[in-house]
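Fold and geometry: a report
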Amino acid sequence: MALMKWSWNSVATYIVLLATVSALTRQNTQTKINFTSFHAEHPEWTFNHLVVDERTGHIYLGGVNRIYKLSEDLKVLVTHQTGPSEDNPKCYPPSIVQPCNDQLLLTNNINKMLLIDYKENRLIACGSLYQGICKLLRLDDLFKLGEPSHKKEHYLSGVNESGSVFGVIVSHNNLDDKLFIATSVDGKPEYFPTISSRKLTKDSEADGMFAYVFHDEFVASMIKIPSDTFTIIPDFDIYYIYGFSSGNYVYFLTLQPEMTFPPGSATKEQVYTSKLVRLCKEDTAFNSYVEVPIGCEKNGVEYRLLQAAYLSKAGSILAKSLGIKPGDDILFTIFSKGQKRKLNSLDESALCVFVLKEINDRIKERLQSCYKGEGTLDLAWLKVKDIPCGNALITIADDFCGLDMNAPLGVSEMVRGFPIFTEDRDRMTSVIAYVYKNHSLAFVGTKSGKLKK
């Protein structure tokens, strides 16, 4: 392999490329490039998450039963074993805390979240064992600094679906950082909040690690799906596709089921709606929760099933065409066609761009109308969907973070992205983007393992 100097963006792009190496090598025999590759000890041990240390270029890879630390050229530096261990998904609390009546079986630990905590020089690695507990590992040698497991808030999700958890770290100069974490609850809303903010204490073994930022008898730093919702939609869940922070807010991109009336029909059917969720970073009571539906359309074709997303900046050329400033936040998103097939999406897909400011402006308009007493809260995951908005004589500015009324709140009108590219046969499944010499570049991975630039 030819030696090259890599910037952080180049490294990230290189990582996306690695996922397509085997397919590219098989399909394009005329290409003479040799790629560096890395494989798990067992073929069935899939890789689930990957992060790159932007300071060192070291690569941290979360897979089944293992966390790997790799060099830039994919040499193994350290391996940390996370499983298998004896467990049963019906054990709550898990058997490591109290005895369980269900039979324990040797169970793989699937990595569900991998985050670098730069401030404390540690890796947060969450797995599927024991109702989803997390380890804190030292970046240098993957030494286990802590593994909180004795309180209810330590169990982040009982779901085994590897892509169902997203975390965003919010840093503070003189205070403990916070971890906003979003997860599918797999029909267990009584155990797991779907979104919450947790304390990231300096001491990895501190008693308050992963405790809710705020929690009293009535209010907490969390959102729970009401149990009654599952009586209407038995398989209801909120699936988290991507998460990020920008300005004063934390955002999550989701896929959610809804029951709707098709045109001309008197019978409801289940569809999936892609939604962006926004919360203020400093909102301890989660009064700022707002969600807005997003989608894309080109030539009359609706693309509504979110597959992947990536936050980037607008290069000057793209900024001019979108009517925004260079450097403004934009979201590159992949949608597949339709709204019905979450698990088996159609191959028709679209790459679309959203201007984050336009989404925020739409949310601001919705907040202003609701606080005038117009409309309802309009949230599909609340059983009572027609809770009216309350009237309050307040000013809704750009930094408004909610009151203990009119929350949580949903936006009914969909925000549409700008379609950039469509693919009809080989569904696009991943995206990464950055700015190079005023150009906004996007790299897209497909279902068959191809890479599109």
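Note that this is a predicted model, so its numbers are computed, not measured.

The next subject is the overall build of the protein. Helices and strands together make up the secondary structure of the protein, namely five helices and 27 strands. For the protein, the C-alpha radius of gyration of 22 Å lies close to 22 Å, the compact-globule estimate for 453 residues. In terms of its C-alpha atoms, the protein occupies a principal-axis envelope of roughly 65 × 55 × 50 Å. Counting the 453 residues in the protein, one finds 51% classified as buried. For the protein, long-range pairs separated by at least 24 residues make up 56% of all intrachain contacts whose partners lie at least 6 apart in sequence. Accessible area for the protein stands at about 21400 Å²; split by element, carbon and sulfur atoms hold 51% of it. One finds the centroid of the 50 positive side-chain charges in the protein at a distance of 6 Å from the centroid of its 52 negative side-chain charges.

Looking now at the nonpolar core. Grouped together as the largest cluster of nonpolar side chains are 34 residues, with contacts concentrated most on Leu-253, Leu-276, Leu-331, Phe-335, Phe-354 and Leu-367. Only β15 (239-246), β16 (249-260), β17 (269-280), β18 (290-298), β19 (301-313), β20 (329-337), β21 (349-355) and α5 (356-370) provide two or more residues apiece to this core. Element by element, the count of residues in this core is highest for α5, at five residues. Apart from residues no more than four positions distant in its own chain, Leu-253 is found in contact with Tyr-239, Tyr-240, Ile-241, Tyr-242, Lys-275, Leu-276, Ile-294, Leu-306, Ala-309, Leu-331 and Thr-333. With 28 residues, the next largest nonpolar core counts Ala-182, Ile-225, Phe-230 and Val-250 among its residues.

In the segment running from Gly-83 into Pro-84, the intervening peptide bond is cis, with an omega of 0 degrees. By secondary structure assignment, the location of Pro-84 is in the loop between β4 (76-81) and β5 (85-87). Following Tyr-92, the chain continues into Pro-93 via a peptide bond in cis, with omega recorded as -5 degrees. Among the secondary structure elements, Pro-93 is positioned in the loop between β5 and β6 (105-107).

For the protein, the mean per-residue pLDDT works out to 88, and 91% of the residues sit at or above 70. Counting contacts from residues 1-29, a segment whose pLDDT is below 50, to residues more than four positions away or on other chains yields 37 contacts.

Here we take up α5. Given a rise of 1.5 Å per residue, 15 residues ought to cover 21 Å, and the 21 Å separating the end C-alpha atoms of α5 matches this to within 8%. Among the residues of α5, Leu-356, Ile-359, Asn-360, Ile-363, Arg-366, Leu-367, Ser-369 and Cys-370 are the ones counted as buried.

It is worth spelling out the state of the cysteines at this point. All told, the structure shown has five disulfides when counted by the stated rule. Numbered in order of appearance, the disulfide-bonded cysteines of the protein are paired 1-2, 3-4, 5-10, 6-7, 8-9.

The next point concerns the environment of Asn-344. Residue placement: Asn-344 occurs in the loop between β20 and β21. Separated by 54 residues in sequence, Asn-344 and Asp-398 have C-alpha atoms that sit 39 Å apart.

This part is about the packing of aromatic side chains. How two aromatic rings sit relative to each other is set out by the distance from centre to centre and by the angle between their planes. Considering all chains together, one arrives at 19 aromatic pairs under this definition. Considering the side-chain rings of Phe-180 and Phe-286, the 6.1 Å spacing of their centres and the 5 degrees angle between planes classify their relative orientation as stacked. One end of the pair, Phe-180, is in strand β12 (residues 177-183); the other, Phe-286, is in the loop between β17 and β18, and 106 residues separate them in sequence. An identical accessibility class is assigned to Phe-180 and Phe-286; each is buried. Aromatic pair Tyr-240 and Phe-252: ring centres 5.9 Å apart, planes at 80 degrees, arrangement edge-to-face. Of the two residues, Tyr-240 sits in strand β15 while Phe-252 sits in strand β16, which places them 12 residues apart along the sequence. Pair check on accessibility: Tyr-240 and Phe-252 agree, each one buried. Cluster of aromatic residues (ring-pair linked, three or more members): Phe-166, Tyr-242, Phe-244, Tyr-249, Tyr-251 and Tyr-310.

Further remarks concern the pairing of strand β2 (residues 59-63). Among the five residues in β2, five count as buried, and that is most of the element. Side chains Ile-59, Leu-61 and Gly-63 project from β2 onto one buried face, and the interleaved Tyr-60 and Gly-62 project onto a second face that is buried too. Looking at chain direction, strand β1 (residues 47-52) and β2 are connected through five bridges and run antiparallel. Bridge assignment links Val-52 to a residue of β2, and that residue is Ile-59. The antiparallel hairpin formed by β1 and β2 contains six residues in its connecting segment, where Gly-57 sits at a positive phi of about 85 degrees. With four bridges joining them, β2 and strand β3 (residues 66-70) adopt antiparallel strand pairing.

Moving on, we come to the sheet that holds strand β26 (residues 439-446). Across the sheet, three strands lie side by side as β25-β26-β27; this open sheet has antiparallel pairing. The open sheet has two free edges, formed respectively by β25 (428-436) and β27 (451-452), since each of these has just one partner strand. Looking at chain direction, β26 and β27 are connected through two bridges and run antiparallel. Among the inter-strand pairings, Gly-445 is bridged to a residue of β27, identified as Leu-451.

A contiguous nonpolar patch, built from Phe-214, Phe-218 and Val-219 and spanning about 310 Å² of accessible area, is present on the exposed surface. Its place among the elements puts Phe-218 in the loop between β13 (195-200) and β14 (222-223).

Taken together, four strands build an open sheet; the order of strands is β7-β8-β9-β10 and the sheet is antiparallel. Taken across any chain shown, the strands that pair with only one partner, and hence form the sheet edges, are β7 (111-117) and β10 (144-146). For this sheet, the mean angle separating the axes of adjacent strands, direction not counted, is 30 degrees. Bridge count for strand β8 (residues 122-127) against strand β9 (residues 134-138) is five bridges, and the pairing is antiparallel. Along β9, the bridge assignment pairs Ile-124 with Leu-136.

Let us look at the side chain of Thr-194. Tracing the backbone shows Thr-194 in the loop between β12 and β13. Owing to a relative accessible area of 1%, Thr-194 belongs among the buried residues under this scheme. The contact partners of Thr-194, leaving out residues within four places of it in the chain, are Ile-181, Ala-182, Thr-183, Val-185, Ile-223, Ile-225, Ile-238 and Tyr-240.

Thresholds, definitions, all that
Residues numbered from 1 in each chain as written. Predicted model: local features only at pLDDT ≥ 70, side-chain atom pairs only at ≥ 80, totals over all residues. Heavy atoms only, no water. Helix = DSSP H or I, 4+ residues; strand = E, 2+ residues; numbered from the N terminus. Rg over C-alpha atoms; globule rule 2.2 N^0.38 Å. Buried < 20%, exposed > 50% of the residue type's maximum accessible area, 1.4 Å probe, protein only. Contact = heavy atoms within 4.5 Å. Areas by Shrake-Rupley, 256 points an atom, 1.4 Å probe, with all protein chains shown as cover. Lys, Arg positive; Asp, Glu negative; His and termini not counted. Charge placed at Lys NZ, Arg CZ, Asp CG, Glu CD. Core = buried A, V, L, I, M, F, W, Y, C linked by side-chain atoms within 4.5 Å. pLDDT = per-residue confidence, 0-100. Expected span 1.5 Å × (residues − 1). Disulfide = S-S within 2.5 Å. Phe/Tyr/Trp six-rings, centres within 6.5 Å; stacked < 30°, edge-to-face > 60°. Pairing = 2+ DSSP bridges. Patch = residues over 30% accessible without salt bridge, like charges linked within 9 Å, V, L, I, M, F, W, Y side chains within 5 Å. Salt bridge = Lys/Arg side-chain N within 4 Å of Asp/Glu carboxyl O. Axes fitted to C-alpha atoms, helices over the stretch in contact; angles between N-to-C directions.

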